Amino acid sequence: MRVVVIGAGPAGSMAALTAAANGAEVILLERNEKIGRKLYISGKGRCNVTNSADFADFTDKIVTNPKFVFGALKAFSNSDTEKFFTDRGVPLKTERGGRVFPVSDKASDIVDALFLELKKRGVVLKTGVKVDNFVMENGKITALATSAGKFFGDVFVLATGGKSYPGTGSDGSGYALAQCAGHTIIEPKPALSAFAVTSVKTPYRVFGLNESGLPTGVSLKNITLTASFDGKRRSEFGEALFTDDGISGPVALTLSSYVNRAKKVALFLDFKPALDEKTLDARLLREFVSNKRLKNVLPALLPQSVAAWYAKLLPFSEKPCNSVTKEERKNLIAALKNLEFVAVLKPIEEAIVTSGGVKTSEIDPKTMRSKITENLYFAGEIIDVDALTGGYNIQIALSTGYLAGKNAAEN
Ligand SMILES: Cc1cc2nc3c(=O)[nH]c(=O)nc-3n(C[C@H](O)[C@H](O)[C@H](O)COP(=O)(O)OP(=O)(O)OC[C@H]3O[C@@H](n4cnc5c(N)ncnc54)[C@H](O)[C@@H]3O)c2cc1C
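Residues numbered from 1 in each chain as written. Predicted model: local features only at pLDDT ≥ 70, side-chain atom pairs only at ≥ 80, totals over all residues. Heavy atoms only, no water.

Turning next to the overall build of the protein. For the protein, the count of helices and strands is 14 helices and 24 strands. In terms of overall dimensions, the protein has a C-alpha envelope of 85 × 40 × 35 Å along the principal axes. The burial tally for the protein puts 55% of its 411 residues in the buried class. Of the contacts made within the protein by residues no fewer than 6 positions apart, 71% connect residues no fewer than 24 positions apart. When the accessible surface of the protein is split by element, carbon and sulfur atoms take 50% of a total near 17400 Å². Computed over 53 positive and 43 negative side-chain charges, the separation of the two mean positions in the protein equals 3 Å. (Helix = DSSP H or I, 4+ residues; strand = E, 2+ residues; numbered from the N terminus. Buried < 20%, exposed > 50% of the residue type's maximum accessible area, 1.4 Å probe, protein only. Contact = heavy atoms within 4.5 Å. Areas by Shrake-Rupley, 256 points an atom, 1.4 Å probe, with all protein chains shown as cover. Lys, Arg positive; Asp, Glu negative; His and termini not counted. Charge placed at Lys NZ, Arg CZ, Asp CG, Glu CD.)

If you want it as structure tokens, here you go:
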């Protein structure tokens, strides 16, 4: 039995070495000169390889089609990932939020462990080979047309990843291959993405981004960001970051995964989620006793650079604060608790993961086998499954890769 795996990210590497461990002759094709380029830059070069959450908490962090991967996550769980790497000389540590990293803080240790295991299990790795097409006969794949000629096999595993960070090799070319084998592609969208802001709305007027600018580089802790989209609302509490053209940071990345199919998105920033409007008004009254200009008092309420930016958006920021009217205080509170940004997601190329991909109802979740082309299996981000940050996406790639590799060998 010859299994040919396409793409040597975590999903394809795990599929290849598992198929080899189950007795198959395995060829792994990778367009780059090295395996795991995305894995190498993951977790800011530290590789958050999995998350230690229990099954219920883990699956709760999967945004799209969580149930589809239940079987894969049981077949190769987060504990199996931890054991796999520690047994191969890569000790791991668990950080805040259950995020698991190599003790060395080096993603390269994870990539090297996979590479050594591929060698140990006798997988034939062919790098610098881009797969361009499937050669199909009677509804089955018989060969792959590649940049290095034809490759023949009995069973094929498609693990070419998503469409984000195309410089790493995953540029979405696998979607056309899946379509060639009869599969439907759910339109790829950015997930775990920053937002680009187009305008800022205060209670007084709307500012285009060119006019308002943003307090670039400022990180805000303990804020709430709410997305309003298609008649729905979703709020996230935590940390956000102003970039030169928008909003990023953990809360923005999380929200992006839920709003990426919406037609229009508005973000509302609550700088003071711990204070309700009445309590905040009482605080303002306490602060606004002197004849200092309002803009000089705002730093008591907001980080210095945000306060300076914000003062420019308020028509009364030059006023002595003890002459600020009740109506102005009301508008100030509205802008502090509900500052509106009209926003769009940044392009998919800049997103951390891709939402969308091969339609899950066309894949058997117990085996990862195509329900359309009998000698084709899928693994990893090419499938329409995506999760939040925290090590979940790499674990999904490893789990689906394991299941695809095991079943491909037994096909
Ligand atoms: C900056 C960044 C940081 C991230 N950090 C984390 C993190 O810390 N934790 C986490 O869980 N997730 C993280 N992710 C997401 C995670 O890296 C991916 O979900 C995961 O790598 C997907 O694995 P995969 O094997 O399915 O695809 P990929 O890792 O994308 O691998 C696919 C492989 O297929 C190859 N390929 C593509 N097309 C072809 C073709 N036609 N012919 C031959 N080869 C082809 C590519 O070159 C690539 O090597 C991060 C992503 C990014 C972009």
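A surface patch of nonpolar side chains, about 310 Å² in accessible area, is lined by Tyr40, Ile41 and Tyr165. Within the fold, Ile41 resides in helix α2 (residues 37-45). (Patch = residues over 30% accessible without salt bridge, like charges linked within 9 Å, V, L, I, M, F, W, Y side chains within 5 Å. Salt bridge = Lys/Arg side-chain N within 4 Å of Asp/Glu carboxyl O.)

Per the domain assignment, the segments making up the protein are domain 1 (2-188 + 354-409) and domain 2 (195-345). Listed per partner, the contact involves eight residues of domain 1 and six residues of domain 2. When domain 1 packs against domain 2, the two sides together hide about 520 Å² of surface, and 50% of this comes from carbon and sulfur. If you sort the residues of domain 1 by the area they bury against domain 2, Val63, Ser355 and Leu388 come out on top, with a joint share of 64%. The tally of links between domain 1 and domain 2 comes to zero salt bridges. Where domain 1 packs against domain 2, one counts two residue pairs in polar contact (both at pLDDT 80 or more). At the level of secondary structure, the elements contributing two or more residues to the side of domain 1 that touches domain 2 comprise β12 (185-191) and β20 (353-358). (Domains from an automatic or database assignment. Buried area = accessible area lost by both parts, 1.4 Å probe. Polar contact = N/O pair within 3.5 Å; in protein donor to acceptor, adjacent residues only side chain to side chain.)

Bringing the packing of aromatic side chains into the picture now. The geometry of two aromatic rings is summed up by the distance between their centres and the angle between their planes. A complete count under the given rule lists nine aromatic pairs for this structure. For the ring pair Phe58 and Tyr392, a centre distance of 4.9 Å and an interplane angle of 80° mean the geometry is edge-to-face. One end of the pair, Phe58, is in helix α3 (residues 55-60); the other, Tyr392, is in helix α14 (residues 392-409), with 334 residues separating them in the sequence. Exposure class is identical for Phe58 and Tyr392. Each is buried. One aromatic cluster is present, formed by Phe242, Phe271, Trp309, Tyr310 and Phe341 through successive ring pairs. The ring of Phe101 has Arg46 sitting right over it, with the charged end atom 3.9 Å from the ring centre. Over the ring of Phe84 we find Arg88; its NZ or CZ atom is 4.0 Å from the centre of that ring. (Phe/Tyr/Trp six-rings, centres within 6.5 Å; stacked < 30°, edge-to-face > 60°. Lys NZ or Arg CZ within 6 Å of the ring centre and 35° of its normal.)

So, on to the site of the ligand. Looking at the ligand, there are 33 residues lining it, with Glu30, Asn48, Ser170, Glu381 and Ile394 nearest. Between the ligand and Val131, the relevant distance is 2.9 Å, taken from a nitrogen atom to a main-chain nitrogen or oxygen of the residue. Take Ser173: an N or O atom from its side chain is 3.1 Å from a nitrogen atom of the ligand. Here the ligand, which alone exposes 1000 Å², has 95% of that area covered by the protein. Sorting the residues of the shell around the ligand by element identifies α1 (10-21), α2 and α14 as the ones contributing at least two each. Per-class residue counts for the shell around the ligand are 13 nonpolar, 15 polar and five charged. (Near = heavy atom within 4 Å. Nonpolar A, V, L, I, M, F, W, Y, C, P; charged D, E, K, R; others polar.)

Phe85 and Leu144 are the most contacted members of the largest nonpolar core, which totals 78 residues. Here this core gets nine residues from one element, more than from any other, and that element is α14. Not counting the four nearest positions on each side in its chain, Leu144 is found in contact with Val4, Ile6, Leu29, Val131, Asn133, Phe134, Gly149, Lys150, Phe151 and Phe156. Core analysis: the second largest hydrophobic core is formed by 49 residues, Val265, Phe288, Leu294 and Leu336 among them. (Core = buried A, V, L, I, M, F, W, Y, C linked by side-chain atoms within 4.5 Å.)

Moving on, we come to the side chain of Glu340. The residue Glu340 is located in strand β19 (residues 339-345) in this model. The exposure class assigned to Glu340 is buried, which follows from its relative accessible area of 17%. Apart from residues lying up to four places away in sequence, Glu340 is in contact with Ser199, Val200, Lys201, Ala266, Leu267 and Phe268.

This part takes up the sheet that holds strand β3 (residues 50-51). With antiparallel pairing, three strands are arranged side by side in an open sheet as β3-β6-β5. Both outer strands of the open sheet, β3 and β5 (92-95), are each paired with one neighbouring strand and no more. Here two bridges tie β3 to strand β6 (residues 99-102), and the two strands are oriented antiparallel to one another. For Thr50, the partnering residue across the bridge sits in β6 and is Val100. (Pairing = 2+ DSSP bridges.)

With that settled, consider the sheet that holds strand β10 (residues 149-152). Across the sheet, which stays open at both edges, the three strands sit in the order β8-β9-β10 with antiparallel pairing between neighbours. Two strands close off the open sheet at either side, each with one partner strand: β8 (131-137) and β10. Looking at each pair of strands side by side, their axes are set apart by 30° on average, direction ignored. (Axes fitted to C-alpha atoms, helices over the stretch in contact; angles between N-to-C directions.)

Take the packing of α1 against helix α6 (residues 107-120) next. Relative to each other, α1 and α6 sit at 25°, their axes nearing to 9 Å. When the interaxial angle is binned, α1 and α6 end up roughly parallel. In this structure, α1 crosses over α6, and the sense of that crossing is left-handed. For the pair α1 and α6, contact is made by Pro10, Ser13, Ala16 and Leu17 and by Leu114, Glu117 and Leu118, respectively. Taken together, the residues that form the contact of α1 with α6 break down as five nonpolar, one polar and one charged. (Parallel < 35°, antiparallel > 145°, perpendicular 65-115°, else oblique. Left-handed = near helix turned anticlockwise from the far one by under 90°.)

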